[in-house]
Amino acid sequence: MLRVGVLASGGGSNFEALVSDLRTPPLLATVVSLTCNVESAPVIERAHRLGVKCHVLSHRHAASREAFDTQLVDFLRTDNVNLVVLAGYMRLVSPVLLEAFPRAVINIHPSLLPDFKGLHAVRQALAAKVTTSGCTVHFVDAGMDTGQTIAQASVAVAPSDTEDSLASKIHQLEHQLLPRVVRTLAAERGVHADLQVSRT
Ligand code: GAR
């Protein structure tokens, strides 16, 4: 069984979707813990409600990005995690985390990468007047939203879409795509095989 550690900073709808999906058969992977870097984030309450172990580790007390990630790695190793999922985790990770979990850190991002990296991806897509947007799950590397794409899902952008309405459509896609990718990784390899890029 693949042991998943989730890192999140905010609302946690992707965290909850992943936990719930992985609790339905076939049981291939399980979320063993959440680590949240924002003390007031709603995702913490979701973890309590779902009965998932929760670490709250504010980056504000860390001496450096590397010192913070060293603590993160300690938590993840204690929980025997073998796949790290960034689900609305709004911090760049350092080589400390990436070297501890080689090719075993994935992220979900609300755009069709390589378009619209970084913050406010939905806003960026609307400003660019695209007619199609979506989400991407990718391996994390040292760059911002630059790692190898694993899978994408797309949705039409309506002329009437606002940032909220498009974000909501993309969230629906994310809640399907992220569990699907984690299940595929768990089924096909444990953590280390490459997947072909797929787009739905
Ligand atoms: C998601 O849309 C996720 O793709 C995005 O944050 C949102 C978190 O929602 N992540 C990024 O923008 C990372 N660059 P959630 O807290 O409800 O899961």
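Everything discussed here concerns the structure shown above.
One structure accompanies this document, and this report is about it. (Residues numbered from 1 in each chain as written. Predicted model: local features only at pLDDT ≥ 70, side-chain atom pairs only at ≥ 80, totals over all residues. Heavy atoms only, no water.)

Close contacts around the ligand come from Gly11, Gly12, Ser13, Asn14, Gly88, Met90, Ile108, His109, Pro110, His171 and Glu174, and that covers them all. Taking Gly12, its main chain carries an N or O atom lying 2.8 Å from an oxygen atom of the ligand. When residues of the shell around the ligand are traced back to their parent elements, those giving at least two are helix H1 (13-22), strand S5 (105-109) and helix H6 (163-189). Here the residues of the shell around the ligand sort into three nonpolar, seven polar and one charged. (Near = heavy atom within 4 Å. Polar contact = N/O pair within 3.5 Å; in protein donor to acceptor, adjacent residues only side chain to side chain. Helix = DSSP H or I, 4+ residues; strand = E, 2+ residues; numbered from the N terminus. Nonpolar A, V, L, I, M, F, W, Y, C, P; charged D, E, K, R; others polar.)

For the structure on display, the rule yields seven salt bridges. Among the salt bridges present, the one from Arg183 reaches Asp21, with a minimum N-O distance of 2.6 Å. Taken together, the residues Arg183 in helix H6 and Asp21 in helix H1 connect sequence positions 162 residues apart. When its relative accessible area of 15% is taken as the criterion, Arg183 is described as buried. Assessed through its relative accessible area of 26%, Asp21 is described here as partly exposed. Of the charged contacts, one joins Asp161 and Lys169 as a salt bridge, the two residues approaching to 2.6 Å between their closest N and O atoms. The exposure class of Asp161 is buried, given its relative accessible area of 13%. Taken together, the shared-partner salt bridges in this structure form one network comprising Glu16, Arg46 and Arg49. (Salt bridge = Lys/Arg side-chain N within 4 Å of Asp/Glu carboxyl O. Buried < 20%, exposed > 50% of the residue type's maximum accessible area, 1.4 Å probe, protein only.)

For the rest of this paragraph, the subject is the packing of aromatic side chains. Summed over all chains, the structure comprises zero aromatic pairs. Sitting above the plane of the Phe139 ring, Arg103 keeps its charged end 4.2 Å from the centroid. (Phe/Tyr/Trp six-rings, centres within 6.5 Å; stacked < 30°, edge-to-face > 60°. Lys NZ or Arg CZ within 6 Å of the ring centre and 35° of its normal.)

Another aspect to go through is the pairing of S5. Within a regular strand, side chains alternate between the sheet's two faces. Counting buried residues in S5 gives five out of five residues, a clear majority hidden from the surface. Burial along S5 is two-sided: Val105, Asn107 and His109 facing one way and Ile106 and Ile108 facing the other are all buried. Sheet topology note: the strand S4 (residues 83-86)/S5 ladder contains three bridges and is parallel. Among the inter-strand pairings, Leu86 is bridged to a residue of S5, identified as Asn107. Tracing the backbone out of S4, into helix H4 (residues 95-100) and back to the parallel element S5 gives a crossover that is right-handed. Alignment of S5 against strand S6 (residues 132-139), held across four bridges, turns out to be antiparallel. Its bridge partner being in S6, Asn107 is matched across the sheet by His138. (Pairing = 2+ DSSP bridges. Right-handed = clockwise from strand over helix to strand, strands pointing away.)

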